[in-house]
Amino acid sequence: MAEDADVIVVGAGLAGLVAATEIADAGKRVIVVDQEGEQSLGGQAFWSFGGLFLVDSPEQRRLGIKDSYELALQDWMGSAGFDREEDLWPRRWAEAYVAFAAGEKRGWLRAMGHRSFPVVGWAERGGYDAMSHGNSVPRFHVTWGTGPGIVEPFERRAREAERNGRLTFKFRHRVDALTITGGTVNGVSGVILAPDTVERGRSSSRKVSGDFTLRAQAVIVASGGIGGNHDLVRQNWPGRLGKAPENMISGVPEHVDGRMIGITEAAGARLINRDRMWHYVEGIKNWSPIWPRHGIRILPGPSSMWFDATGRRLPSPLFPGSDTLGQLHYIMSTGHDYSWFVLTQSIIKKEFALSGSEQNPDLTGKSWLMTARRATNKGAPAPVEAFKTHGVDFIVRDNLADLVGAMNALVGNDLLRTEYLKAQIEARDREIANPYAKDTQVMNIHNARRYIGDRLIRTARPHRILDPAHGPLIAVKLNIVTRKTLGGFETDLESRVFGQDGKIMPGLYAAGEAAGFGGGGMHGYRSLEGTFLGGCLFTGRNAGRAAAKAS
């Protein structure tokens, strides 16, 4: 039977687009199939904040940040905590990716027109020793244009290849099986879903209108993770994090369902580290949802006080922006699946950002004027103020007693006691008046303000939480929001997939989240942030180049 293309890519997200454009640029023919419509091109990357992990970049150096490959690798390995036999390839991918981030990554993207916002963010700051989790320096480079800005160069390349006849999109094609002939993966089969022009991100129809079979010399699985499928999240929930949450919200649309991962595993691919996952604990319910259980993550600065469901302050160093997995572990150990921020208007104005391209119209729209207003407006950014006004998780009051009463009313219990919260807040407030302190969070605030980027746009001037001049008081109920699958298909550095017998499956490649962003889990247990899009870029590029060369 004649081949329909040299390579088939399953998934039209960022990793799939990168792989497909590399194949087309090599002069090969590629088909990209996706169960969603054309309006969803770019997948989850479109909705992202556009953060990229770069090492020793010109943006860092201009801000006085001293970074290096050695320091970044030290941070990565301390965060990953590789400790399993199957971490051989994830570790190799991690080493290769950090080298990519410290080397050609920035130049490769800039040659396609990519640009970064000049202020580098400081995510996952850790707070342990030098060899443990966290970024020692700011490395979070926000794409100018956020998620759409990272998708655009590859969509442009793909459309050009489509016009030249080297790339074909087949949207609304849902893969149900991989075809294997003589031990080689050489195609896919499935059903054609009825056209549906539903808005990007909304749940689309699953009405079947036909079937299809496609043949090629190789197949690249770039189908994403499981974050939209809460049943799968709970099924794979790691026991080390306690019981799986009863209540979660979704940071990804419903079609991020893990279905293709199950299909590929059933065909013989080796799936490893399935219990490693990355979910955020600063989730808020979207007051204007696009997909079911739509959650948005708060990207907090360092100053909000963080309390568990019983009103106990989270222990050091589990402060905002420090250790996502540590915070998740602690919160689940309380027997509750939510927690609280308590802050002031001065803090929300300076320190709250919301993850997602649609929540950042200034950066997404590439408006310098709107971006500058973040630092000069009297209020918080408009999307944040909209959540403060309309969001069910936000409470605004003029005094602590009324705030605590409303917090208890929101969750329907009386776990919070005003005097207990007041004692903890006043103790913190006594520390804030001095440039020296023993309170670790206060020390972190002072440290953050030594960095010009944080001082300008991400860290409020230190002040007492209970100072009426900085009010009103604000409480935010924080939910667990599902996001990333850190495990995936075990792959070598050419993105070739290993079978369950430990041997390479001829013709099969995996990229992006389906491959654990490289090797079946190059992050190990923890992410340094800005590394998910980068993992899609790196694995997609490697998979596309390797598949093109082999075809």
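Right, let's walk through the structure included here. (Residues numbered from 1 in each chain as written. Predicted model: local features only at pLDDT ≥ 70, side-chain atom pairs only at ≥ 80, totals over all residues. Heavy atoms only, no water.)

### Here we look at the packing of helix H14 (residues 400-411) against helix H15 (residues 418-432)
It is at 10 Å that the axes of H14 and H15 come closest, and there the two elements cross at 125 degrees. Classified by the angle their axes make, H14 and H15 are oblique. Crossing angle aside, the handedness with which H14 passes H15 is right-handed. Contact residues: Leu400, Ala401, Val404 and Met407 in H14; Thr418, Leu421, Lys422 and Ile425 in H15. Classifying every residue of the contact of H14 with H15 by side-chain character gives 6 nonpolar, 1 polar and 1 charged. (Axes fitted to C-alpha atoms, helices over the stretch in contact; angles between N-to-C directions. Helix = DSSP H or I, 4+ residues; strand = E, 2+ residues; numbered from the N terminus. Parallel < 35°, antiparallel > 145°, perpendicular 65-115°, else oblique. Left-handed = near helix turned anticlockwise from the far one by under 90°. Contact = heavy atoms within 4.5 Å. Nonpolar A, V, L, I, M, F, W, Y, C, P; charged D, E, K, R; others polar.)

### Overview of the side chain of glutamate 59
Within the element layout of this structure, glutamate 59 appears in helix H2 (residues 58-62). We classify glutamate 59 as buried; its relative accessible area is 4%. (Buried < 20%, exposed > 50% of the residue type's maximum accessible area, 1.4 Å probe, protein only.)

### Quick word on the pairing of strand E15 (residues 338-344)
Across the 7 residues that make up E15, a large majority, 7, are buried. Going residue by residue along E15, you find Tyr338, Trp340, Val342 and Thr344 tucked away on one face and Ser339, Phe341 and Leu343 tucked away on the opposite face as well. Pairing analysis gives 4 bridges linking strand E14 (residues 305-308) to E15, with the strands arranged antiparallel. Looking across to E15, one finds that aspartate 308 is bridged to serine 339. Pairing of E15 with strand E18 (residues 473-485), which is carried by 7 bridges, proceeds in the antiparallel orientation. Bridge pairing in E18 places tyrosine 338 opposite asparagine 479. (Pairing = 2+ DSSP bridges.)

### Focus: helix H3 (residues 69-80)
The first and last C-alpha atoms of H3 sit 16 Å apart over 12 residues, in line with the 16 Å expected at 1.5 Å per residue. Within H3, burial applies to Ala72, Leu73, Asp75, Trp76, Met77, Ser79 and Ala80. Where H3 is buried, its residues contact strand E3 (51-53) and helix H4 (88-102). (Expected span 1.5 Å × (residues − 1).)

### Comments concerning the environment of glutamate 254
You can see glutamate 254 is positioned in the loop between strand E10 (249-250) and helix H8 (259-266). As for glutamate 254 and alanine 218, which are separated by 36 residues in sequence, their C-alpha atoms are 28 Å apart. Those residues in contact with glutamate 254 that lie beyond four places of it in its chain are Ser203, Gly228, Trp291 and Pro292. A distance of 2.5 Å separates the side chain of glutamate 254 from the side chain of serine 203, its partner in a polar contact. (Polar contact = N/O pair within 3.5 Å; in protein donor to acceptor, adjacent residues only side chain to side chain.)

None of the figures reported here should be taken as evidence of function without further support.
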